[in-house]
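Structural characterization, general
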Amino acid sequence: RLLTVSALEAVTDGTTTLEEIERVVGFAEFAPETAKPRVLVVDDDPVIRGVVVALLEKEGFESVQAGDGSAALELVAGGEALDLVILDLNLPSMHGREVLRRLRAAQATQRLPVIILTGSSDERLEPDLMDEGADDYLRKPIEPPRFVSRVKAVLRRSARQ
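Keep in mind that what you see is a predicted model, and the values were worked out from it rather than measured.

Rules and cut-offs
Residues numbered from 1 in each chain as written. Predicted model: local features only at pLDDT ≥ 70, side-chain atom pairs only at ≥ 80, totals over all residues. Heavy atoms only, no water. Helix = DSSP H or I, 4+ residues; strand = E, 2+ residues; numbered from the N terminus. Buried < 20%, exposed > 50% of the residue type's maximum accessible area, 1.4 Å probe, protein only. Axes fitted to C-alpha atoms, helices over the stretch in contact; angles between N-to-C directions. Parallel < 35°, antiparallel > 145°, perpendicular 65-115°, else oblique. Left-handed = near helix turned anticlockwise from the far one by under 90°. Contact = heavy atoms within 4.5 Å. Nonpolar A, V, L, I, M, F, W, Y, C, P; charged D, E, K, R; others polar. Salt bridge = Lys/Arg side-chain N within 4 Å of Asp/Glu carboxyl O. pLDDT = per-residue confidence, 0-100. Core = buried A, V, L, I, M, F, W, Y, C linked by side-chain atoms within 4.5 Å. Pairing = 2+ DSSP bridges.

1. Things to note about the overall build of the protein
Per the secondary structure count, the protein includes eight helices and five strands. Along the protein, helices (α) and strands (β) appear in the sequence α-α-α-β-α-β-α-β-α-β-α-β-α when read from the amino end. In terms of overall dimensions, the protein has a C-alpha envelope of 55 × 30 × 30 Å along the principal axes. The buried share among the 161 residues of the protein stands at 39%.

2. Considering the packing of helix H5 (residues 69-77) against helix H6 (residues 96-105)
It is at 9 Å that the axes of H5 and H6 come closest, and there the two elements cross at 20 degrees. Classed by the angle they form, the pair H5 and H6 counts as roughly parallel. Handedness of the H5/H6 crossing: right-handed. Packed against H5, whose contacting residues are Gly69, Leu73 and Val76, the element H6 presents Val99, Arg102 and Leu103 at the interface. Looking at side-chain class alone, the contact of H5 with H6 contains four nonpolar, one polar and one charged residues.

3. Some details on the pattern of salt bridges
One pass over the full model with this rule turns up 14 salt bridges. Between Glu123 and Arg139 there is a salt bridge; the shortest N-O distance is 3.8 Å. Here Glu123 is found in the loop between strand E4 (114-118) and helix H7 (125-131), whereas its partner Arg139 is found in strand E5 (residues 136-139), with 16 residues between them in sequence. Residue Glu123 is classed as exposed on the basis of its relative accessible area, which comes to 59%. As a salt-bridge pair, Glu143 and Arg146 come within 3.7 Å of each other at their nearest N and O atoms. Its relative accessible area of 45% is what places Glu143 among the partly exposed residues. We classify Arg146 as partly exposed; its relative accessible area is 43%. Among the charged side chains, a salt-bridge network with shared partners connects Arg38, Glu62 and Glu80.

4. What about the confidence of the model for the protein?
Confidence in the prediction for the protein averages 88 pLDDT; 91% of positions are at 70 or higher. The lowest-confidence element of the protein is helix H3 (residues 27-30), averaging 48 in pLDDT; the highest-confidence one is strand E3 (residues 84-87), averaging 98. Here residues 28-32 is modelled with pLDDT under 50, and outside its nearest four sequence neighbours on either side it reaches 11 contacts, counting other chains as well.

5. Some thoughts on the nonpolar core
Judged by nonpolar contacts, the single largest core of 23 residues is most densely connected at Leu40, Val42, Val85, Leu87, Ile116 and Leu129. Going through the elements one at a time, strand E1 (38-42), strand E2 (62-66), H5, E3, H6, E4 and H7 are the ones with two or more residues in this core. Excluding anything up to four places from it in sequence, Leu40 contacts Val64, Gln65, Ala66, Ala72, Leu75, Val76, Leu82, Leu84, Val85 and Ile86. Listed in part, the 19 residues of the second largest apolar core include Ile48, Leu55, Leu56 and Leu84.

6. Notes on the sheet that holds E2
Spatial ordering of the open sheet is given by E2-E1-E3-E4-E5, a layout of five strands whose pairing is parallel. The sheet is open, and its two borders are formed by E2 and E5, each paired with just one other strand. On average, each strand axis in the sheet is inclined to that of its neighbour by 20 degrees, with strand direction left out of account. Sheet strands in contact with helix H8 (residues 144-159) are E3, E4 and E5, and its direction is about 170 degrees off that of E5.

Quick look at the structure:
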C-alpha cells in the first residue's frame, strides 16, 4: 500500500490530521504522485543541458530549457510554472549571477529554488553566491548521483517553506 493511502485513511478515521501527516511525511513526499516537479535548466552548452535534462527526466522530473540568461528570464516572466532552476554562470547575453539577482529581486520568484551548476574553479564564488540567494552550488563535471540527490534535497527543503 502507498503511504499516502494509509495516511489519508488515518485522517478519515480521525486518528490524525492532514497537518500532522504533512509535518511528519513532508509535503513533497505526500504530494500526489502525478505531480512532477518542473525544472528550468539554463546552460549555453547543449551537451551539458542534455545531460542534466536526461538525469532529471530519468528521475521523473519535467524540464524546460534555456540557452542563456535572457531566455531564462523570459520563460519565468511568461508564467512558466517552475519548481527549481539549475543555472550556469557563464552565459551569453546575461551572466548567471545577474539572472540570480533578478530572480531574487522579483516578488514572484524570491523563493524559487536555484542551484548553481558551474565549471568555475574560483573558490570564492560558492560562498558569495550562497549569500546572494543560491540554494545550492555544484561544480562541473556533473557527478550524477550527487547531482540528483542535491536536486531532491533542494526540492524537499523548498516544499517545507
